[in-house]
Amino acid sequence: MTSPVATKISLGTDMQPTGNYSVAFYVPVDFQGKAPKPTSNDVCVVSVGKKTVYVSSFGGFATEGKLLEEAATLGKALVADGYDVSTDGFLFASYDPPYRLTGRHNEVWVGPKK
């Protein structure tokens, strides 16, 4: 499996998850442009260009509560430093297989306001 696995978590006006999640698996460089064609309409190959994100990392298992806490903490710190950040969602990046019990590395990515 490729790493990280990125999950986009959309937030409503109440800053709670809307239930709309998109999961992305990165295609290794050697296979870019040669990825297998999806066999389901729920799967698509998308090319993502350069983007700016602000990142905070944390260990352990990423529960929904932990993700919301980490994203809120990062967002508040950025606003306090004068950054204008997106409030409609964030990305969660997981770098470890589910069977790794210790030493896990996770990140939340918050983008600038568009």
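Everything discussed here concerns the structure shown above.
This section reports on the structure supplied with the text. The structure displayed is predicted, hence computed values, not measured ones. Chains are numbered independently. Their residues run from 1 in the order of the written sequence. Totals for whole chains, interfaces and linings use every residue, but because this is a predicted model, local features are given only for residues with pLDDT of at least 70 and side-chain atom pairs only at 80 or more, for both listing and counting. Values reported for side chains reflect all heavy atoms of the structure, with hydrogen atoms and water molecules removed beforehand.

**Quick word on the environment of Thr102**
- Strands are runs of DSSP state E lasting at least two residues, helices are runs of H or I lasting at least four, and both sets are numbered from the N terminus onward. Within the secondary structure layout, Thr102 lies in the loop between strand S4 (89-94) and strand S5 (106-110).
- Placed 43 residues apart in sequence, Thr102 and Gly59 show a C-alpha to C-alpha distance of 8.4 Å.

**With respect to the nonpolar core**
- Note on terminology: a nonpolar core comprises buried Ala, Val, Leu, Ile, Met, Phe, Trp, Tyr and Cys residues joined through side-chain atoms within 4.5 Å. Only protein chains enter the accessibility calculation, which uses a 1.4 Å probe; a residue is then buried when its area is under 20% of its type maximum, exposed when over 50%, and partly exposed in between. If you look at the biggest cluster of nonpolar residues, it comprises 14 residues, and the most contacted ones within it are Ile9, Leu67, Leu78, Phe90, Val108 and Val110.
- Elements represented by at least two residues in this core include exactly strand S1 (5-11), strand S3 (54-58), helix H1 (64-80), S4 and S5.

**So, the sheet that holds S5**
- Note on pairing: DSSP must find at least two bridges between two strands before they are called paired. As summarised here, the arrangement of the five strands in space is S2-S1-S4-S5-S3, forming an open sheet in which the pairing is antiparallel. Since the sheet does not close on itself, it has two edges, and those belong to strand S2 (17-25) and S3, each with one partner. On average, each strand axis in the sheet is tilted by 20 degrees relative to the strand beside it, whichever way the strands run.
- Across six bridges, S1 lies against S2 in antiparallel orientation. What sits directly across from Ile9, in S2, is Tyr21.
- Sitting on the sheet, H1 touches S1, S2, S3, S4 and S5, and the angle it makes with S3 is about 135 degrees. All axes are obtained by fitting lines to C-alpha atoms, using only the stretch in contact for helices, and the reported angles, taken between N-to-C directions, cover 0 to 180 degrees. In what follows, residue pairs with any heavy atoms lying within 4.5 Å of each other are defined as contacts.

**So, the packing of aromatic side chains**
- Ring pairs shown here join Phe, Tyr and Trp side chains whose ring centres sit within 6.5 Å, with only the six-membered ring taken for Trp; geometry is labelled stacked below 30 degrees between planes, edge-to-face above 60, and tilted in between. Counted by the stated rule, this structure contains one aromatic pair.
- To sit over a ring, a charge needs its Lys NZ or Arg CZ within 6 Å of the ring centre and within 35 degrees of the ring normal. The residue whose ring lies beneath Arg104 is Phe61, and the NZ or CZ to ring-centre distance is 4.3 Å.

**A closer look at unusual backbone geometry**
- For the peptide bond that leads from Ser3 to Pro4, omega is 0 degrees, which places it in the cis range.
- Looking at the secondary structure, you find Pro4 in the segment before S1.
- Unlike most non-glycine residues, Met15 shows phi in positive territory, near 65 degrees.
- Under the relative-accessibility criterion, Met15 is labelled partly exposed at 39%.

**Quick word on the pattern of salt bridges**
- What makes a salt bridge here is a side-chain nitrogen of Lys or Arg within 4 Å of a carboxyl oxygen of Asp or Glu, nothing more. The full count for this structure, using the stated rule, is two salt bridges.
- Of the charged contacts in the structure, one is a salt bridge between Lys66 and Glu70, with a shortest N-O distance of 2.9 Å. Placement of the pair is Lys66 and Glu70 together in helix H1, with a separation of four residues, close to one helical turn.
- For Arg100, the salt bridge is made with Asp96, and the minimal N-O distance between the two is 2.6 Å.

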